[in-house]
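Given next are the chains, with one letter for each unit.
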Amino acid sequence: MIIKRIEDWYTSKKVTEVTTIIGNTGYGKTYCAGKIVEKYIEEGWPFCIVDKMGIHFVIRAEFTDVVIVGGQYADYTLEQIDEVLPLLLDENINFVLDVSELDESVVCDFVEGFFEHMYEWHKEHRKPRNYVIEECDAFMGQTGTPAGVKNMITKCITKGRMYGFGFTLLSQRFRMIDKTGLGQTKNYLVFNIKLTNDLTLLKNLVGEDVSSKVRRLPMGKCLIMTEEWHGIYSVGTKKSPDEAVTPEIGVVLKDIKVKPLSDKIRNKLEN
Ligand SMILES: Nc1ncnc2c1ncn2[C@@H]1O[C@H](COP(=O)(O)OP(=O)(O)OP(=O)(O)O)[C@@H](O)[C@H]1O
Ligand SMILES: [Mg+2]
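Just so it is clear, the structure is predicted and the values come from calculations on it, not from any experiment.

Peer 1: Any chance you could explain the site of ligand 1 here in plain terms?
Peer 2: Taken together, 17 residues sit near ligand 1, with Thr25, Gly28, Thr30, Gly220 and Ala244 positioned nearest. Across the shell around ligand 1, the residue classes tally to 6 nonpolar, 9 polar and 2 charged.

Set out below in structure tokens:
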């Protein structure tokens, strides 16, 4: 391949690794996460998206086997999570946990409870699943995040690998994420960043100054960095529509039509 694409670089090994997606606003982190989960769906790898922004429901405009728990397009409300979660996990079903409608005062407690449950479940079952955490600094921030949720996610990241946990963490800045969890990152997907602080941190992580490359990255391209190498990759076009599109003067935003949950999955959950 002449153009290197992120989705081709992804292998099943990534499911149980920690991948951090970082970059300035609007350069394509959320889009990239959407593309990555489409690869998961095609390959049959399990994932859960923890979605504080309420934007990942768009996956259901294309893929009808993904369950949405919570939010505007919920198949099951957050109140029903205790009934539906055991089935989702036992049946290896992919799901979006949309916590966007929860009040700031309760969302961290909810997510803490969720990962506490997941930790016990994974410990017992040792099955792989990747947790994509949109705007992860809300739950594992360097400052301002309640200790409970931060410690619980950090425990899943630092102790959970052998139980099947993997993570995809999204944030705008390295500096916003708590370093204990961030330090476990195996793969960095770095989109355009410009702040010197973050570029210096990046230099320390890679062991070489890649600032000039990273500063110039256009939307939809990122630098993949692993322990062994780094290189520039493109994010291919998603099948599902775009919810986080930047509104433009004179351009009407498209309506996104969510499809019903497939009968196959509904039968598994309701019979
Ligand atoms: N690979 C891509 N191909 C086509 N369009 C893209 C791509 N990446 C990003 N875009 C466009 O740019 C918009 C902004 O991207 P995205 O929402 O992923 O940014 P972000 O990095 O998550 O920003 P923020 O930090 O504000 O959440 C997308 O809605 C989409 O319209
Ligand atoms: Mg985003």
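After presenting the structure, the write-up continues.
Peer 1: Honestly, the environment of Ser234 in this entry has me stumped. Any pointers?
Peer 2: Its location among the elements puts Ser234 in strand β9 (residues 230-234). The sequence separation of Ser234 and Thr77 amounts to 157 residues, and the corresponding C-alpha distance is 36 Å. Leave out the neighbours within four places in its chain, and Ser234 touches Ile3, Lys4, Arg5, Ile6, Gly220 and Lys221.

Peer 1: What am I meant to see in the nonpolar core here?
Peer 2: Taken as a class, soluble globular proteins show a tendency for nonpolar side chains to be buried jointly. Ranked by size, the top nonpolar core spans 69 residues in total, and within it Cys32, Val50, Val96, Leu97, Ile133, Phe139 and Val190 carry the most contacts. Top element by residues in this core is helix α2 (residues 29-43). It accounts for 6 residues. The residues contacting Val190, other than those within four sequence positions of it, are Ile22, Gly23, Leu202, Val214, Cys222, Leu223 and Met225.

Peer 1: Please clarify how the packing of helix α4 (residues 104-125) against helix α5 (residues 147-159) should be interpreted in this entry.
Peer 2: The axes of two packed helices give the description: the angle between them and the distance between them. Between α4 and α5, the shortest axis-to-axis distance is 8 Å and the interhelical angle comes to 25°. As summarised for this structure, α4 and α5 are arranged roughly parallel, according to the angle between their axes. The crossing of α4 and α5 is left-handed. Along its contact with α4, which presents Cys108, Val111, Glu112, Phe115, Glu116, Met118 and Tyr119, the element α5 presents Gly148, Val149, Met152, Ile153, Lys155 and Cys156. The class makeup of the residues in the contact of α4 with α5 is 9 nonpolar, 1 polar and 3 charged.

Peer 1: How should the environment of Met176 be read in this particular structure?
Peer 2: Residue position: Met176 is located in the loop between β6 (165-171) and α6 (179-182). For Met176, a count of 20 C-beta atoms within 10 Å puts it in the buried group. When the C-alpha positions of Met176 and Cys32 are compared, they lie 20 Å apart, and in sequence the two are 144 residues distant. Sequence-distant contacts of Met176, that is, excluding residues within four places in its chain, are made with Asp137, Gly141, Gln142 and Ser171.

Peer 1: What's the story with the sheet that holds strand β3 (residues 67-69) in this structure? I'm lost.
Peer 2: Backbone-to-backbone hydrogen bonds pair the strands of a sheet. The strands run either parallel or antiparallel. Within the open sheet, the 9 strands sit side by side as β3-β4-β2-β5-β6-β1-β7-β8-β9. Their pairing is mixed. If you trace the sheet from one side to the other, it starts and ends with β3 and β9, each paired once. Here the average twist between neighbouring strands, direction ignored, is 20°. Summarising the sheet, strand β8 (residues 221-225) and β9 pair through 5 bridges and their orientation is antiparallel. Bridge pairing links Met225 to His230 in β9.

Peer 1: What am I meant to see in the pairing of β6 here?
Peer 2: As a general feature of sheets, a regular strand has side chains that alternate between the two faces. Counting buried residues in β6 gives 7 out of 7 residues, a clear majority hidden from the surface. The side-chain alternation of β6 yields two buried faces, one formed by Phe165, Phe167, Leu169 and Ser171 and the other by Gly166, Thr168 and Leu170. In terms of strand pairing, strand β1 (residues 18-22) meets β6 through 5 bridges, oriented parallel. Of the residues in β6, the one forming a bridge with Val18 is Phe167. The pairing of strand β5 (residues 129-133) with β6 spans 5 bridges and is classified as parallel. Of the residues in β6, the one forming a bridge with Val132 is Thr168. In this fold, β5 hands off to α5, which returns the chain to β6; that crossover is right-handed.

Thresholds applied
- Residues numbered from 1 in each chain as written.
- Chains lettered and ligands numbered in written order.
- Predicted model: local features only at pLDDT ≥ 70, side-chain atom pairs only at ≥ 80, totals over all residues.
- Near = placed C-beta within 6 Å.
- Nonpolar A, V, L, I, M, F, W, Y, C, P; charged D, E, K, R; others polar.
- Helix = DSSP H or I, 4+ residues; strand = E, 2+ residues; numbered from the N terminus.
- Contact = placed C-beta atoms within 7 Å.
- Core = buried A, V, L, I, M, F, W, Y, C linked by C-beta atoms within 7 Å.
- Buried ≥ 20, exposed ≤ 12 C-beta atoms within 10 Å, placed from the backbone.
- Axes fitted to C-alpha atoms, helices over the stretch in contact; angles between N-to-C directions.
- Parallel < 35°, antiparallel > 145°, perpendicular 65-115°, else oblique.
- Left-handed = near helix turned anticlockwise from the far one by under 90°.
- Pairing = 2+ DSSP bridges.
- Right-handed = clockwise from strand over helix to strand, strands pointing away.

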